[in-house]
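# Reading the structure
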Amino acid sequence: MEKCACCFVDQIDGFDGWEDYKLFLKKIDQLISENILTEIPIDIKYQKEANFFTTGKWFKCTKCGKCWRLVEPDPPLRGLWVPLPKHIKPLPNRKYRWK
Ligand SMILES: [Zn+2]
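Thresholds, definitions, all that
- Residues numbered from 1 in each chain as written.
- Predicted model: local features only at pLDDT ≥ 70, side-chain atom pairs only at ≥ 80, totals over all residues.
- Helix = DSSP H or I, 4+ residues; strand = E, 2+ residues; numbered from the N terminus.
- Buried ≥ 20, exposed ≤ 12 C-beta atoms within 10 Å, placed from the backbone.
- Contact = placed C-beta atoms within 7 Å.
- Pairing = 2+ DSSP bridges.
- Axes fitted to C-alpha atoms, helices over the stretch in contact; angles between N-to-C directions.
- Expected span 1.5 Å × (residues − 1).
- Core = buried A, V, L, I, M, F, W, Y, C linked by C-beta atoms within 7 Å.

### Comments concerning the overall build of the protein
- Along its length, the protein carries 1 helix and 4 strands.
- Ordering the α and β elements of the protein from the N terminus gives α-β-β-β-β.
- For the protein, buried positions account for 12% of its 99 residues.
- Partitioning the intrachain contacts of the protein with sequence separation of at least 6 by distance along the chain shows that 44% fall at a separation of at least 24.

Now the structure itself:
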């Protein structure tokens with residue numbers, strides 16, 4: 001079980017239903033509003049490596065720099081909240097480019 005060094009939240013290997021997932025999203029929103037978490041762009045170069053790296057959303061802890069991946073439940077898959085593999089370096093902080 002991996003933890004953020006700041007211990008704000010544990011790894012989750014599957015949500016216990018939509019209510020559980022929605023509660024977790026609220027927690028994420030709260031952490032973002034407190035500037036503890038920030039959403040970071042997904043680096044599409046990892047798409048070739050493994051498709052699942054690009055699904056969901058990526059977040060970075062502003063305290064310790066640890067990066068996390070959130071995957072929405074897609075029954076029967078129960079969703080995930082897991083650290084990004086260490087070899088994946090997040091892109092520099094910048095706004096999304098939509099073009
Ligand atoms: Zn942290």
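Still more ground to cover, so stick around.
### A few points about the pairing of strand β2 (residues 57-61)
- Across 4 bridges, the pairing between strand β1 (residues 37-40) and β2 is antiparallel. The residue bridging E39 from the neighbouring strand is F59, located in β2.
- Between β2 and strand β3 (residues 67-71), which follow one another and run antiparallel, lie 5 residues, and G65 among them has a positive phi close to 85°.

### Here's the deal with the sheet that holds β2
- Judged by pairing direction, the sheet is antiparallel, and its 4 strands sit side by side in the order β1-β2-β3-β4 without closing on themselves. The open sheet is flanked by β1 and β4 (80-83), the only strands paired with a single partner. Neighbouring strand axes in the sheet, compared pairwise and without regard to direction, differ in orientation by 30° on average.
- Of the strand pairs in this sheet, β2 and β3 are connected by 4 bridges, and their pairing is antiparallel. Looking at β3, one finds that K60 is bridged to C67.

### What to know about helix α1 (residues 18-33)
- Taking 1.5 Å per residue as the helical rise, α1 with its 16 residues ought to reach 22 Å, and the 22 Å between its terminal C-alpha atoms agrees with that figure.
- For α1, the tally of buried residues reaches only 1 of 16 residues, placing the bulk of the element at the surface.
- Taken from the residues just after α1, N35 is the one with a positive phi, measuring 65°.

### Observations regarding unusual backbone geometry
- In the segment running from P75 into P76, the intervening peptide bond is cis, with an omega of 10°.
- Secondary-structure assignment places P76 in the loop between β3 and β4.
- Phi is positive for N35, close to 65°, though the residue is something other than glycine.
- On the basis of neighbour counts, which here come to 9 C-beta atoms within 10 Å, the residue N35 falls in the exposed class.

### Notes on the nonpolar core
- If you look at the biggest cluster of nonpolar residues, it comprises 9 residues: I28, L37, I42, W58, F59, W68, L70, W81 and L84.
- If you list the elements that add at least two residues to this core, you get β2 and β3.
- Apart from residues no more than four positions distant in its own chain, L84 is found in contact with W58, C67, W68 and R69.

### Overview of the environment of L31
- One can find L31 in helix α1.
- With 18 C-beta atoms packed within 10 Å, L31 lands in the partly exposed category.
- For L31 and C61, which are 30 residues apart along the polypeptide, the C-alpha to C-alpha distance reads 9.2 Å.

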